[in-house]
Amino acid sequence: MPDSGFLSIGSNLGDRESNLASAITALSTYHEINDIKSASFYNCPPLFNTDQAEFLNTVIAYKTDFSAFDLFDACRNVEKLLGRPDKREKNSPRTIDIDILTYGSSFLETEQLTIPHPDLANRKFVLVPWAELDPDFTVTVFKMTVTELLSLCPDPSNVTKHVMEKNA
């Protein structure tokens, strides 16, 4: 039986809309990743290194036959495909960033991967789109729903729904 979960996707370099859409499309090309559903795209200011462009973020739901580590590898491969360098400074601008928020009900902590994502409760750019997608999902480690986590989130960022640009 496939595992399900949520990924966070963000971009602040280049055509941010296209970067997010391309990441979702690239993830869907894996036969082991199915039933992808995306929240709307949201504009948000950078959290830590504030001297950079605004981010565009979304959260997607997925089902997968991949192990957590194979899913992690697939996400890294998509990031590389879309131009993210292997090595970069933390919190620097990026064409694409894909984080595993949850993977089934797994708790995993290794040097390479921590699930659930350790900062998910502190990031409005994750919780706002996630609440749109599945507000009643319970994040087991916190024993709270996404909506409850959002109401307690210490992040003061103004996260706003993105209006898609229309081609002329």
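Residues numbered from 1 in each chain as written. Predicted model: local features only at pLDDT ≥ 70, side-chain atom pairs only at ≥ 80, totals over all residues. Heavy atoms only, no water.

**Looking at helix α3 (residues 124-133)**
- Of all ten residues in α3, seven are buried; the element is thus mostly enclosed.
- Summarising the contacts, the buried residues of α3 are in contact with β1 (3-11), β3 (42-44), β4 (55-64), β5 (97-103), β8 (138-139) and α4 (146-152). (Buried < 20%, exposed > 50% of the residue type's maximum accessible area, 1.4 Å probe, protein only. Helix = DSSP H or I, 4+ residues; strand = E, 2+ residues; numbered from the N terminus. Contact = heavy atoms within 4.5 Å.)

**Re the environment of Thr-138**
- Position of Thr-138 among the secondary structure elements: in strand β8.
- Since its relative accessible area comes to 41%, Thr-138 is described here as partly exposed.
- Discounting residues that sit within four places of it in the chain, Thr-138 has contacts with Lys-143, Met-144 and Thr-145.

**Section: helix α2 (residues 68-81)**
- Here α2 is 14 residues long and its end C-alpha atoms lie 20 Å apart, about the 20 Å a rise of 1.5 Å per residue gives.
- Taken as a whole, α2 has its buried residues at Ala-68, Leu-71, Phe-72, Ala-74, Cys-75, Val-78 and Glu-79. Angular distribution of buried residues about the axis of α2 spans 160°; they occupy a single face of the element. When the buried face of α2 is taken as reference, the exposed residues oriented beyond 90 degrees from it are Lys-80 and Leu-81.
- A positive backbone phi angle near 95° is found at Gly-83, which sits one or two residues after α2. (Expected span 1.5 Å × (residues − 1). Arc of directions from axis to C-beta.)

**Concerning the side chain of Ser-11**
- Relative to the helices and strands, Ser-11 resides in strand β1.
- Accessibility expressed as a relative area gives 0% for Ser-11, which makes it buried.
- Sequence-distant contacts of Ser-11, that is, excluding residues within four places in its chain, are made with Arg-16, Asn-19, Leu-20, Glu-54, Phe-55, Leu-56, Arg-94 and Thr-95.

**Side note on the pattern of salt bridges**
- Overall, the coordinates contain six salt bridges when judged by the stated rule.
- Here Asp-97 and Arg-94 are joined by a salt bridge, their closest N and O atoms 3.7 Å apart. Each member of the pair, Asp-97 together with Arg-94, is buried.
- For Arg-123, the salt bridge identified is with Asp-119, shortest N-O distance 3.3 Å.
- Asp-119 gets classed as partly exposed once you look at its relative accessible area, which sits at 30%.
- Through salt bridges with shared partners, a single ionic network connects Arg-76, Glu-79, Arg-84, Arg-94 and Asp-97. (Salt bridge = Lys/Arg side-chain N within 4 Å of Asp/Glu carboxyl O.)

**A closer look at a nonpolar patch on the surface**
- Side chains of Phe-107, Val-141 and Phe-142 sit close together on the surface and give an oily, nonpolar patch of about 270 Å² of accessible area.
- Looking at where Phe-107 falls in the secondary structure, it is placed in the loop between β5 and β6 (108-109).
- Judged by its relative accessible area of 52%, Phe-107 falls in the exposed class. (Patch = residues over 30% accessible without salt bridge, like charges linked within 9 Å, V, L, I, M, F, W, Y side chains within 5 Å. Areas by Shrake-Rupley, 256 points an atom, 1.4 Å probe, with all protein chains shown as cover.)

**A word on a negative patch on the surface**
- Taken together, Glu-32, Asp-65, Asp-70 and Asp-73 make up a surface patch of like negative charges.
- Take Asp-70: it is sitting in helix α2. (Lys, Arg positive; Asp, Glu negative; His and termini not counted. Charge placed at Lys NZ, Arg CZ, Asp CG, Glu CD.)

**Examining the nonpolar core**
- Ranked by internal contacts, the top residues of the largest apolar core, which has 25 residues, are Leu-7, Ile-9, Leu-27, Leu-71, Ile-98 and Ile-100.
- When sequence neighbours within four positions are dropped, the list of residues in contact with Leu-27 reads Leu-7, Ile-9, Ile-33, Ile-36, Ile-60, Cys-75, Val-78 and Ile-98.
- Ranked by size, the runner-up nonpolar core spans 19 residues in total, among them Cys-44, Phe-125, Leu-127 and Trp-130. (Core = buried A, V, L, I, M, F, W, Y, C linked by side-chain atoms within 4.5 Å.)

**Looking at unusual backbone geometry**
- Here Ile-115 and Pro-116 are connected by a cis peptide whose omega angle stands at -5°.
- The topology assignment puts Pro-116 in the loop between β7 (114-115) and α3.
- In this structure, Asp-35 takes a positive phi of about 50° despite not being glycine.
- Locating Asp-35 in the fold gives a position in strand β2 (residues 33-38).

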